[in-house]
Amino acid sequence: MPTKPEPAGAAARPQRPGGASPSSGSDEALMSIEDLQVHFDLRGNALARLLGSGGQKVKAVDGVNLTLRKGEVLGLVGESGSGKTTLGRALLGLVGATSGHIRYGDADLARMKQSELRTLRRRLQMVFQDPHAALNPTMDLRTAIGHPLRIQGLVDNREEEEARVVQALERTGLVPAEQFLDKLPAELSGGQKQRAVIARAIICGPELLVADEPISMLDMSVRNKILQLMLDLREQLDLTYVYITHDLATAKFFCDRVAIMYLGRIVEIGPTEEIFADPKHPYTRSLLKAVPDPDPSRSVPRDLPRGEIPDAAAPPHGCSFHPRCPAAFGPCGWEGRDLAAMFERRWLERGEDIYRAEQPLVAAVENLPAGQEEVSLPVPSGHTPQQVHEVLERTRTEDPAEPLWRGVEALETGADDVRVRFRRGVDPPLGPAGGVEVACHLHDSRFAAEAVQDSPAPDHAGE
Amino acid sequence: MTDPRRHPAGTAGGNGAPALDPVLAVEDLRVWYGTDAGPVRAVDGASFDLFPGETLGLVGESGSGKTTLGRGVLGLLPRAAAVDGVVQYAGRNLVRAKPKELQRLRGPDLGMIFQEPLTRLNPLMRVSEHFEEALRTHEPKTPKAEIQQRAIETLRAMGIPPTRYRAYPHEFSGGMRQRIMIALALVLRPAFIVADEPTTALDVLVEAQIISILADLRRNFDTSLLFITHNLGIVAEACDRVAVMYAGRIVEQGPVAEVFANPQHPYTQALLASTISLNTTGLHYIEGAPPDLITPPSGCRFHPRCPHAMSVCAEQFPRPVQTGTQVVECWLHGPEDLIPPGGTQPLEREELTVADEA
């Protein structure tokens, strides 16, 4: 049956009230991803690549393990730069894997050639973010939606192709289909274009749809219709979805499981209900707190993580989130660059006079290389190491709550420098915590005891 | 009969300040764009007041005319647009003001914050030079030291550290650039600012940071803000009053808490119901699509999609009516003496298909 909005305009979610009901995917794996890495070279020229030297690397996907279950909706949630889109594209072989495996049936997508992948794309399809850009402006819908059939050689003649196109149009609610066959994308509204994009994605009979922000470019009143369409299609066609989004509210409604990503890694993954009821990772908690809510009794959230997602070409040491984390403590991976960030914040808050007095003494913090757990601050001429040491000590006394100090093991004054030694940073692995998996030392039995003493337990978000 | 919009109940100022004269009084503003098919009535008779230190949220879907309204207020419309109505600011009507006069007002009096901060900063100019240019243009006598001091102070209030004053725009992240844009607008201390979707291009956490900065504006800078957005959640958090736009008209306006708790216009109700929040358990949507603004529906623009439409709705334009704290343009709220006999009969509605949707 073609799908159409319910006349009441208020169709409740039909089959599955919660995220984790029986129909929400079996335990059978559709695809399993093992230690997937996708790296991009920066500024690397051909010669540098041949010699294996030169350019920096961005680890867009940095060691992801994930099993996609048949019939589920898995959400990949994160900010821009978290690697969610790259991961989604890698699942379809649209970007090459640097290492690792993507096992799908007997095949390993990470090792396949483009020509081999082409046949598989019947079963693996993508819905793009921008429906205005995903359709060729000079192709009418008959041609555009029928295209995959021809590429895959699934139809013998035009009549058969048209019948399939009409069926796809009807399934996606573009009815009467005859009216839409000859339309060009420019004659369609945003929602209709997205329906056409979905029609093209389902025409070959896929089992997996990767939907990359499929509703973020659409208007509010249309978003829900597209989400409803995707839910209906899932029931009718036994689809599995990977839903890529930065919008936690739709992820909560739409997904059975959610993977929260940060800088190329999954930092928390589990059933949607559990993640939203009891978020474990400080990053997940902050995201939930930041979602604007149309409830006027709720005030502007204040205690948000500072700063923004860092440069993926020079990721933080240890846990990638530690520079922004309100609960960060000893083993999170403190390093020289965190000192510079701390002084920037201090000067921002304390004003011009403090900045002028302190900046010349500790100017060296701005140029510290990445990842150093022991740094030496040279003393500028005309000053003594004691003066530099004093600045650091004063900073600590005036703001003892600053998480950085939980990671400082020693402040030593040398003959012509001051050395700061940080505690050894440990990169947190993804491990079980309650019903979910989380990559955070707060939930690691080796460190958890310290964390409780050291850091104020962040209150639960999303309440 | 006094226009109820002139006296919005209990709203002047975000902090419960006594009623003051509005900074900006917009009355029956119309903006039409000429096209081959006829004029597009992008804004078709919008009226609202903006009070000192107040943040007014302007919400609506794309094509509702909210951006055109924001730009119309500042006189930033393309030359081909026809503008009519009154935008009263400091004793003059900006709609009738000469381009030179508007140019002089923009900056020190009227500010604008745009959606995409990257395209609004000159990539070849340092942040410091942006501030020097802005201050020299509008306050030519300011000494250099004062320019720097004021710029750094404003940037500091926006969370940009003084160490970055001489950096170039590309050295900043998207959120930082938007902070710089806000600082650039604020350094001239304008009486009011139009912010057009200032957080739409930003990530959730950065968006929340910027919203809290904008929510603090009224406390720290005493600036009135017209906050254009499609996100009702942002309005709930950052605005004092809200105006809901549909097809070029403001269909409902009032204090945020009241409008959200007790929406009076069927469109506002539908919009709130269709917003997906963390508490969403079912999908609701508005049938049909926003109307074509070249030949808009007769009477109330929303009547073809309205679940409560009456026969009067298709015939006559609704008048603004004060209901409680809100001003609503909807016949459901009267005035009853203007509804013709039999006008309250439910309207037969045509079947809507997806083909008509937005």
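The following refers to the structure shown.

When its secondary structure is counted, chain A shows 16 helices and 15 strands. Partitioning the intrachain contacts of chain A with sequence separation of at least 6 by distance along the chain shows that 68% fall at a separation of at least 24.

The next point concerns the overall build of chain B. Each helix and strand in chain B was counted, giving 11 helices and 12 strands. Taking 21 Å as the expected radius of gyration for a compact globule of 358 residues, we find that chain B reaches 21 Å, a close match to that expectation. Across its three principal axes, chain B shows a C-alpha extent of roughly 70 × 45 × 45 Å. Counting the 358 residues in chain B, one finds 50% classified as buried. Taking the intrachain contacts of chain B between residues at least 6 apart in sequence as the baseline, contacts between residues at least 24 apart amount to 68%.

Bringing the pairing of strand β6 (residues 124–127) of chain A into the picture now. All names here are of chain A. Burial along β6 is two-sided: the residues L124 and M126 and Q125 and V127 are all buried. In this structure, β6 lies alongside strand β7 (residues 208–212), joined through 4 bridges in parallel fashion. Among the inter-strand pairings, Q125 is bridged to a residue of β7, identified as L209.

As a further point, take the pairing of strand β4 (residues 82–89) of chain B. Residue and element names in this part refer to chain B. Examined bridge by bridge, strand β1 (residues 24–33) and β4 share 7 bridges and lie antiparallel to one another. Each residue of the ladder has a partner; that of A25, found in β4, is Q88. Pairing of β4 with strand β5 (residues 92–93), which is carried by 2 bridges, proceeds in the antiparallel orientation. The residue bridging Q88 from the neighbouring strand is N93, located in β5. The hairpin formed by β4 and β5 contains 2 residues between the paired strands, and A90 there has a positive phi angle of roughly 45°.

Attention shifts here to helix α5 (residues 144–157) of chain B. Residue and element names in this part refer to chain B. Across its 14 residues, α5 extends 20 Å between first and last C-alpha, which sits within 8% of the 20 Å expected from 1.5 Å per residue. Summarising the contacts, the buried residues of α5 are in contact with α4 (127–138) and α6 (174–186). One or two residues past the end of α5 sits G159, with phi positive at roughly 85°.

Let us now look at the sheet that holds strand β11 (residues 374–378) of chain A. All names here are of chain A. Across the sheet, 3 strands lie side by side as β11-β13-β12; this open sheet has antiparallel pairing. Looking at strand neighbours, the two that pair on one side only are β11 and β12 (408–413), the edges of this open sheet. In this sheet, neighbouring strand axes are inclined to one another by 15° on average, regardless of whether the strands run parallel or antiparallel. Sheet topology note: the β12/strand β13 (residues 417–422) ladder contains 5 bridges and is antiparallel. Residue L411 lies in a different strand from β13, and its bridge partner there is V420.

A word on the packing of helix α5 (residues 141–152) of chain A against helix α8 (residues 190–202) of chain A. All names here are of chain A. At their nearest, the axes of α5 and α8 sit 7 Å apart, and the two run at 35° to each other. Contact with α5, carried on its side by L141, A144, I145 and P148, involves A196, A199 and R200 of α8 and no other residues of that element. By residue class, the composition of the contact of α5 with α8 is 6 nonpolar, no polar and 1 charged.

Residue-level contacts link 52 residues of chain B with 54 residues of chain A. Of all the elements in the fold, those that place two or more residues in the side of chain B that touches chain A are α7 (204–220), α8 (232–238), α9 (256–261) and α10 (266–273) of chain B. In terms of residue count, the dominant contributor to the side of chain B that touches chain A is α7 of chain B (8 residues). Across the side of chain B that touches chain A, the residue classes tally to 28 nonpolar, 18 polar and 6 charged.

Calculation notes
- Residues numbered from 1 in each chain as written.
- Chains lettered and ligands numbered in written order.
- Predicted model: local features only at pLDDT ≥ 70, side-chain atom pairs only at ≥ 80, totals over all residues.
- Helix = DSSP H or I, 4+ residues; strand = E, 2+ residues; numbered from the N terminus.
- Contact = placed C-beta atoms within 7 Å.
- Rg over C-alpha atoms; globule rule 2.2 N^0.38 Å.
- Buried ≥ 20, exposed ≤ 12 C-beta atoms within 10 Å, placed from the backbone.
- Pairing = 2+ DSSP bridges.
- Expected span 1.5 Å × (residues − 1).
- Axes fitted to C-alpha atoms, helices over the stretch in contact; angles between N-to-C directions.
- Nonpolar A, V, L, I, M, F, W, Y, C, P; charged D, E, K, R; others polar.

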